[in-house]
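A closer look at the structure
In case you want the letters, here they are:
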Amino acid sequence: MSSMAFLSHPYFFAALTLLVVQFLFRKLSKRDGKRYHPVAGTVFNQMINFHRLHHYMTHLAAKHRTYRLLNLFRYEVYTAEPSNVEYILKTNFENYGKGLYNYQNLKDLLGDGIFTVDGEKWREQRKISSHEFSTKMLRDFSVSVFRKNAAKLADIVSESATSNSSLEIQDLFMRSTLDSIFQVAFGTELDSMCGSSQEGKIFADAFDASSALTLYRYVDVFWKIKKFLNIRSEAKLRKTTKVLDEFVLNLIKNRIQQMQISRGGSDSKREDILSRFLQVKGYDSTYLRDIILNFVIAGKDTTAATLSWFMYMLCKYPAVQEKAAEEVKEATNTKSISSYTEFASSVTDEALEKMNYLHAAITETLRLYPAVPVDAKICFSDDTLPDGYSVNKGDMVSYQPYAMGRMKFIWGDDAEDFRPERWLDENGIFKQESPFKFTAFQAGPRICLGKEFAYRQMKIFSAVLLGCFRFRLNDEKRNVTYKTMINLHIDGGLEIKALHR
Ligand code: HEM
């Protein structure tokens, strides 16, 4: 392409118009004495770079730490500066939330669930959800589900190892984490892993499509017009969210019926999240749909994507793989493995506690491949960030876990290297890092509610797989990169080969 070819790009004129409008608008509304972060581009640059969005934004973060991109109605501020992150997520938490902007973008997929709301609506859901999440009942129930699914996972991997065939592991992780969160959320077995449920596949496909189409709204300034006209991406989104809604509402209806029939019988002792909420909050199906669907969404893709990147790291760094496998063997006191179910049951809470290296290697994966790569908030009133630059009411302010994980000024010169040891102290014990530097789980009052839940599942799955198999990439030469979506998936999945240990 010639160096002037961009002049004929359809977005070029739109971007130019946008810049002029923004400039005039800002000139008119400029207030004395305020400094703003440098302008690094427009949202059209994001659209053009959509397939490599996080590379583009990492490049800008390394250059500016905090910068602005122009959008038609607001500035978009992107920060990789930990002191700014602490300020927006904790110190002045009340001034930065989802706002109407995120709410409108996310509502069709996530309703009024915990991910989309602020203020009292959020506080109420947070309170009751964090209570439910901290109960021993949910903890024990979820661990038993993770162990069962880890053994199933091992069965499937074992077949491919025996037949020496390759395996698309991301898809398998997506199905296994869907099965786990589905059973913990609804108390029902979906069994998408063994493919016995066509419904499970329809649900998962509809969710993936809805997630990608919802993220696209963040860079498509015309989405509301498309929604009004019910065309293109918005027509697709309407169709896929309808599938999700019907699926979840149907499950809730059936559970309400079961509970009404059972009245104080065995159904009142059910341990799943839906049954717990039904007992605490009553029978409002839409409210329950929003709450529970938010959990399913939170629990499925984030965990599966992290496990997939972790597997990629294990294959790229065989020495890390061996070290983690050795630790699993020691912590579980394993001499030989006679059945996967039995081995999964040896991954007890005590054994998990001992797996510091595994914990560090998973955390190192999340540093470089955070499941939520960019997280946007809206500024509710004019403010000044700790770096001295101002933000205005209505501006979008995002922190960037993906870019932050690669910043030398945060992690040192080896920031881009995969090095689990950086998380261990001199005794090999895992040491926490500031959540304002390591932002994969967010931080402050809205820190991820499922962090412990996620680590438990990831460690149980990894321990069982590492204890039983050795892994390598099916194609060492393939360029492995992400697909731009709300969550950081591996584009095209990850083909691996497993060998019995
Ligand atoms: C590796 C796995 C995971 C990662 C990296 C992760 C990361 C995050 C991040 C970045 C947020 C903030 C999102 C926002 O701004 O709205 C978040 C929120 C949340 N996460 Fe996770 N998550 C993971 C797994 C889970 C799991 C397994 C669950 C539940 C089963 C869960 C439940 C939640 C909930 C309920 C919130 C909303 C908290 C609130 O707004 O108060 N997460 N998580």
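Residues numbered from 1 in each chain as written. Predicted model: local features only at pLDDT ≥ 70, side-chain atom pairs only at ≥ 80, totals over all residues.

By the naming in an unreviewed UniProt entry, the protein chain is Cytochrome P450, taken from Vigna angularis var. angularis. What UniProt states about the protein chain under its Cofactor (unreviewed entry) heading is, verbatim, "heme". (UniProt positions renumbered as here; feature names shortened; annotations may be inferred.)

**Details of the overall build of the protein chain**
Within the protein chain one finds 20 helices and 13 strands. For 501 residues, the compact-globule formula gives about 23 Å, and the C-alpha radius of gyration of the protein chain, at 23 Å, lands near that figure. Put simply, the protein chain has 501 residues, and 44% of those count as buried. Within the protein chain, contacts between residues separated by at least 24 positions form 74% of all contacts whose residues are at least 6 apart in sequence. (Helix = DSSP H or I, 4+ residues; strand = E, 2+ residues; numbered from the N terminus. Rg over C-alpha atoms; globule rule 2.2 N^0.38 Å. Buried ≥ 20, exposed ≤ 12 C-beta atoms within 10 Å, placed from the backbone. Contact = placed C-beta atoms within 7 Å.)

**Considering the environment of Asp349**
By the element assignment, Asp349 lies in helix α16 (residues 349-354). We classify Asp349 as exposed; it has 10 C-beta atoms within 10 Å.

**A short note on the site of the ligand**
Surrounding the ligand, one finds 23 residues, the nearest of these being Ala298, Gly299, Thr302, Cys448 and Gly450. Going through the elements one at a time, α13 (285-316) and α20 (451-468) are the ones with two or more residues in the shell around the ligand. When residues in the shell around the ligand are grouped by element, the largest group, six residues, is from α13. Tallied by class, residues from the shell around the ligand come to 14 nonpolar, six polar and three charged. (Near = placed C-beta within 6 Å. Nonpolar A, V, L, I, M, F, W, Y, C, P; charged D, E, K, R; others polar.)

**Remarks on helix α4 (residues 82-91)**
Most of α4 is tucked away, with seven of its ten residues classed as buried. Every buried residue of α4 is listed here: Pro82, Asn84, Val85, Glu86, Tyr87, Ile88 and Leu89.

**Examining helix α7 (residues 136-162)**
Residues lying three or four places apart along an α-helix face the same way, a consequence of the helix completing one turn every 3.6 residues. Between the first and last C-alpha of α7 there are 39 Å, a value that for 27 residues agrees with the 39 Å anticipated at 1.5 Å per step. Buried within α7 are the following residues: Ser142, Val145, Phe146, Arg147, Asn149, Ala150, Lys152, Leu153, Ala154, Val157 and Ala161. Where α7 is buried, its residues meet β5 (167-168), α8 (169-186), α15 (340-345), α20, β10 (469-473) and β13 (495-500). Of the residues flanking the end of α7, it is Asn164, one or two places downstream, whose phi is positive at about 55°. (Expected span 1.5 Å × (residues − 1).)

**Here's the deal with the sheet that holds β10**
Pairing is antiparallel across the open sheet formed by three strands, whose spatial order is β5-β13-β10. Because the sheet does not close on itself, it has two edges, and the strands there are β5 and β10. (Pairing = 2+ DSSP bridges.)

**Let's talk about the UniProt feature "binding site: heme" (unreviewed entry) in the protein chain**
Per the UniProt entry, the sites bearing "binding site: heme" (unreviewed entry) are Cys448 in this numbering. Looking at the secondary structure, you find Cys448 in the loop between α19 (408-411) and α20. On the basis of neighbour counts, which here come to 17 C-beta atoms within 10 Å, the residue Cys448 falls in the partly exposed class. Sequence-distant contacts of Cys448, defined by excluding residues within four places in its chain, comprise Phe441 and Gln442.

**Observations regarding the confidence of the model for the protein chain**
Per-residue confidence for the protein chain averages 90 on the pLDDT scale, and 92% of its residues sit at or above 70. Confidence drops under pLDDT 50 across residues 1-8; counting only partners more than four residues distant or on other chains, this segment forms two contacts. (pLDDT = per-residue confidence, 0-100.)

**Let's talk about the packing of helix α11 (residues 232-262) against α13**
Direction vectors running N to C along α11 and α13 enclose 115°, while the axes themselves pass 10 Å from each other. Judged by the angle between their axes, α11 and α13 are roughly perpendicular. Like other packed secondary-structure pairs, α11 and α13 cross with a definite hand, here right-handed. For the pair formed by α11 and α13, the contact residues are Leu244, Asp245, Val248, Leu249, Ile252 and Lys253 on the first element and Ser285, Leu288, Arg289, Ile292 and Leu293 on the second. Across the contact of α11 with α13, the residue classes break down as seven nonpolar, one polar and three charged. (Axes fitted to C-alpha atoms, helices over the stretch in contact; angles between N-to-C directions. Parallel < 35°, antiparallel > 145°, perpendicular 65-115°, else oblique. Left-handed = near helix turned anticlockwise from the far one by under 90°.)

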